Amino acid sequence: MIKAVVTVVGQDQTGIVAGIATTLSEHGVNILDMSQTIMSKTFTMSMLVAIDDAADFDEVYASVKEEGARLGVTVHVQREEIFDTMSHI
């Protein structure tokens, strides 16, 4: 299992959580933890997810980025170990 951090930022609108969560679900990705907030009109969401070993990380990454583009939001996906290392630098 690969753990990853998914961040989403963009103008608030209906369907962002549903779109990203559905895309992750289609790849068998489990959402372990999630936080979201709206600052003025800006939507932000962070998720810790578990990607099954059978899933291809690059494929999950590409699908979530594509869904983000469709929704008009910016999506970043990083493996947890890379995210942790970057936060300690």
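Residues numbered from 1 in each chain as written. Predicted model: local features only at pLDDT ≥ 70, side-chain atom pairs only at ≥ 80, totals over all residues. Heavy atoms only, no water.

Draft legend 1. Molecular detail of the environment of Ser40. Secondary-structure assignment places Ser40 in the loop between β2 (30–39) and β3 (42–51). Assessed through its relative accessible area of 75%, Ser40 is described here as exposed. Linking Ser40 and Gln11, residues 29 residues apart in sequence, is a C-alpha distance of 9.3 Å. (Helix = DSSP H or I, 4+ residues; strand = E, 2+ residues; numbered from the N terminus. Buried < 20%, exposed > 50% of the residue type's maximum accessible area, 1.4 Å probe, protein only.)

Draft legend 2. Structural detail: the pairing of β2. Relative to β3, β2 is paired through nine bridges, and the arrangement is antiparallel. Counted as the bridge partner of Ser35 is Ser46 from β3. Between β2 and β3, which follow one another and run antiparallel, lie two residues, and Ser40 among them has a positive phi close to 60 degrees. (Pairing = 2+ DSSP bridges.)

Draft legend 3. Seen up close, the sheet that holds β2. Reading across from one edge, β2-β3-β1-β4 is the order of the four strands in this open sheet, with antiparallel pairing throughout. Two strands lie at the open edges of the sheet, namely β2 and β4 (73–79), each paired on one side alone. Ignoring strand direction, the axes of neighbouring strands in this sheet form an average angle of 15 degrees. Helix α1 (residues 16–26) contacts β1 (2–11), β2, β3 and β4 of the sheet and is inclined by roughly 15 degrees relative to β3. Its contacts with the sheet place helix α2 (residues 57–71) against β1, β3 and β4, and it is angled at close to 165 degrees to β4. (Axes fitted to C-alpha atoms, helices over the stretch in contact; angles between N-to-C directions. Contact = heavy atoms within 4.5 Å.)

Draft legend 4. Main features of α1. All of the buried residues along α1 are Ile16, Gly19, Ile20, Thr23 and Leu24. Summarising the axial view, the buried residues of α1 lie within an arc of 125 degrees, below the 170-degree limit, and thus occupy one face. Immediately beyond the C-terminal end of α1, within one or two residues, lies Gly28, with a positive phi of roughly 75 degrees. (Arc of directions from axis to C-beta.)

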